[in-house]
Amino acid sequence: MLKKSFKIYKHSVVVRLTLLSLIGLILPLSTEAIQTVTGVAQISTNVSGSSYLTQNQFQLFENSLKYLKDELCRRDLNAILRGIMDNEQWAISMYDAAVQQANGIESGIFYHFGHYDQCLKLTQKQQQQQQQQLQQEQGQEHSNNNSITIVAKYCLVDVFIDELTVQNTGSRKIRQDSSPQNQTTELLIRWGACMPASCGPNDIAIFAKHALQRKVNVNDNMCQLYKPELHITAGMYTYAFVICFFIFVTVLSTLYHTYLLSSKTDKDIVDVEKSSAKPQRTLDEILLTFSLIENCSKLFQASKDQLSLNCINGIKSLAMLLILAGHVLIFIYGSPVYNVEFLSQNIKSPIFAFLPNSMLVVDVFLLLSGFLFCRILLVELRRRHGQINVLVLYVARWIRLTPAYLVTIGFYMTWFPSLGDGPLWQQRIEREQERCISSWFLNILYINNYFNVDKLCMFQSWYLAVDSQLFFLSPIIIYLLNRSRKYGIILLSITAVITSIIPFIISYTKNLSPTLMIYSNEAEDINSSYYYKNFYIKTHMRASAYVIGLFVGYLVHEMQARNIKLPSPIVRFLWLLATVIGSSCMLTISRFYAYPYNRLESSIYAGFHKIGWNMSVAWLILAASTGHAGWIQKFLCHRIFAPISRLTYCAYLSNGIVELYYSSSSKTAPQISYIRVVDSVVSHIINTFAVALILCLLFESPIHALERILLRNSKGSRNHQISEKKSNKSESPHTSEEQIA
């Protein structure tokens, strides 16, 4: 009996010494370390009594510590382990905030966040309470030198998992080949971990690798600390000063306008409200340019139907709403979603093809730009006998576009990263900030679609570059159309053919996708798409829409000048043809999501679906502008579209902020349904136009009015009257596309 007891005691001593020796390799034998090691040794003997960790979890946690290289990281993780075994709330909260087991990977759920807020905020409060309780128990007023205060850090680590057959995914590689053997691949899972702030990316990767028994990668930009205080930089102060200055000027201008109205009689108030009939002094006009009363009245008033172009308001408004709806879908698809199969199945349906193919609707704006510029410039060339100062047009356009554009870019560069948080926030928003800091000057030069495209600032900014470049080139064609109809039409026809063939040739030689296809792994960062940054945003790939717009502008100009009316049978036939072709070009994109395709099929669609769509929209514009649209023309000319149309430019600028905010601040993977998609579309559109309204009233409309006044009164600015004629109402705060195409 004594011999047996001795063996047990000897065995226990050996175990204790062995365990102490092992942990001694982890912690230096300081006073604090000895206490921590003793605690771990006690844990090892009592792990079976733990109320939170299983035996296997404890062993994985403990064994992972010996591979760490950083002393502080080892110490803090040891303290967390001891705290868990002692049922300390702060330690359990940290461990509980991390993902313990990923679920639904085979269904395409690749984001597992854990609990972001619990890790960064609740654990700190619990730690403080725990420390205070410990101090009270020990009768100490100050912090105990032997206690360890651990600051939590949330990391979204990359975990690679093999040998899983994915049933639903938005991956380009897996979707294009649905065979089972190609669905089994190494999957990248984003795994939420709550770690001590003392642990760097390498130590976190080492610890997670052994704790999860998986290949793990950790990027420092995917780790975040709790930031209770806002750190304001010099750039943020400068941006805030500029915004406050504009707000201050707006308030003063509005008060001055209120004073003018209150000092008038009833008859004078009516005259002020009809200021277009009674020109004010130039000084008063300048002082009132920032007035909210003035700009709101301009924004919401009905447009005069000059040159029969009032229908453009309806076309622009509907096109913008479709584009915004498509952006919502893209960002939903690029964000964590619980039921990926919902998106994967519906994106193959022709019924919803207008959402993934909403990028095609962008061509409507390019077509309208070419149409308006050609139509209005031809009128002025005829009126002024071909004497137009094109340089004034270029300067006027730059002045109109750039201020509001710069304000938006400045927001990306300064305050945007400080407006929210979430597991994805730092990675996505700070990435946008870095891109804008490195390439903002290319944006305001309108060449950012060809230079430094890997650092494209604002994903939608390519459109302004394409539109501006085509705007600078188009006066050559329009001037030739005015001087010589024959040679102008020949040049325009050759240009249309070349710009239409280019997409087909490039798509076939490069073996490209039929268009910008939406895949979840690329929608996370659309700029990572090879097709997007190398082909989709290039002017030579998008020019056909603008050239067709020039053609339609010339046809409408001639038809209105000669009062030409088409026979009813031809009109009905063209409506039927345009409807069939336009619908086919829009809806057939679902075929490429549903079934595999070869190079020829992809190239044919890439080369000719835009032509068919643009020709259909061209007929809509021509018919509505020349009186061949009936009730459609009346609908498009409704005054409800006027303010929406005037806000489209600012909505275009601000939509990226709204979409990035919603997608980057997500802390859970929501379940998607038809109702929730509609809800997201409606709410995002409302928020986009709310931001656009502020941007328009503070910057775009006032600066546009100042530009008109200054150029009107400067020497040699007689040709600036073209800009006045381009707007449906000369004093309305129109967008750049309406004014100068």
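Remember, it's a predicted structure, so these values are computed and weren't measured experimentally.

Thresholds applied
Residues numbered from 1 in each chain as written. Predicted model: local features only at pLDDT ≥ 70, side-chain atom pairs only at ≥ 80, totals over all residues. Heavy atoms only, no water. Core = buried A, V, L, I, M, F, W, Y, C linked by side-chain atoms within 4.5 Å. Buried < 20%, exposed > 50% of the residue type's maximum accessible area, 1.4 Å probe, protein only. Contact = heavy atoms within 4.5 Å. Axes fitted to C-alpha atoms, helices over the stretch in contact; angles between N-to-C directions. Helix = DSSP H or I, 4+ residues; strand = E, 2+ residues; numbered from the N terminus. Parallel < 35°, antiparallel > 145°, perpendicular 65-115°, else oblique. Left-handed = near helix turned anticlockwise from the far one by under 90°. Nonpolar A, V, L, I, M, F, W, Y, C, P; charged D, E, K, R; others polar. Disulfide = S-S within 2.5 Å. Phe/Tyr/Trp six-rings, centres within 6.5 Å; stacked < 30°, edge-to-face > 60°. Lys NZ or Arg CZ within 6 Å of the ring centre and 35° of its normal.

(A) Quick look at the nonpolar core. With 139 residues, the main nonpolar core has I312, Y532, Y536, I621 and L653 as its most contacted residues. Once residues lying within four places of it in the same chain are set aside, the contact partners of Y536 are M359, V362, W462, L516, Y531 and R542. Within the second largest apolar cluster, 51 residues are counted, among which are W90, I105, Y116 and A193.

(B) Inspection of the packing of helix α19 (residues 462-483) against helix α23 (residues 539-562) at higher detail. Put simply, α19 and α23 touch, their axes get as near as 10 Å, and they point 45° apart. Judged by the inter-axis angle, α19 sits oblique to α23. In this structure, α19 crosses over α23, and the sense of that crossing is right-handed. Residues W462, V466, D467, Q469, L470, F471, S474, I477, I478 and L481 of α19 form the contact with α23, whose own contacting residues are T539, R542, A543, Y546, L550 and Y554. Considered class by class, the residues forming the contact of α19 with α23 number 11 nonpolar, 3 polar and 2 charged.

(C) View of the state of the cysteines. Considering all chains together, one arrives at 4 disulfides under this definition. Between the sulfur atoms of C119 and its disulfide mate C194 the distance is 2.1 Å. In this structure, the disulfide formed by C119 and C194 twists by about 90° around the S-S bond and is classed as right-handed. Of this pair, C119 sits in helix α6 (residues 116-138) while C194 is found in strand β3 (residues 184-196), placing the two residues 75 residues apart along the sequence. A relative accessible area of 0% means that C119 is categorised as buried. In this model C436 forms its disulfide with C457; the gap between the sulfur atoms is 2.0 Å. Classification of the bridge connecting C436 and C457 rests on its S-S torsion, roughly 80°, and on that basis the disulfide is right-handed.

(D) Up close: the packing of aromatic side chains. Tallied over the entire structure, the rule returns 35 aromatic pairs. Plain terms: the ring middles of F61 and Y95 are 6.2 Å apart, the flat faces sit at 40° to each other, and that makes the pair tilted. Pair noted here: F61 is in helix α3 (residues 55-65) and Y95 is in helix α5 (residues 89-97), with a separation of 34 residues, a long-range link. The burial state of F61 is the same as that of Y95; both residues are buried. Pairing Y532 with Y536 gives two aromatic rings, centres 5.7 Å apart and planes at 25°, and the pair type is stacked. Linking Y532 with Y536, this pair stays in helix α22 (residues 530-536), spanning 4 residues, or about one helical turn. A connected cluster of aromatic rings, assembled from ring pairs, spans Y239, F411, Y412, F416, W425, Y661 and Y662. Its guanidinium or amino end placed over the ring of Y487, K486 lies 5.7 Å from that ring's centre, counting from NZ or CZ. The ring centre of F592 lies 5.1 Å from the NZ or CZ of R591, which sits over that ring.

(E) Molecular detail of the packing of helix α14 (residues 311-333) against helix α26 (residues 599-625). Contact geometry of α14 with α26 gives a least axis separation of 9 Å together with a crossing angle of 150°. In terms of axis orientation, α14 runs roughly antiparallel to α26. For the pair α14 and α26, contact is made by C311, I312 and I315 and by L620, I621, A624 and S625, respectively.

In short, shape yes, function no, at least from these values alone.
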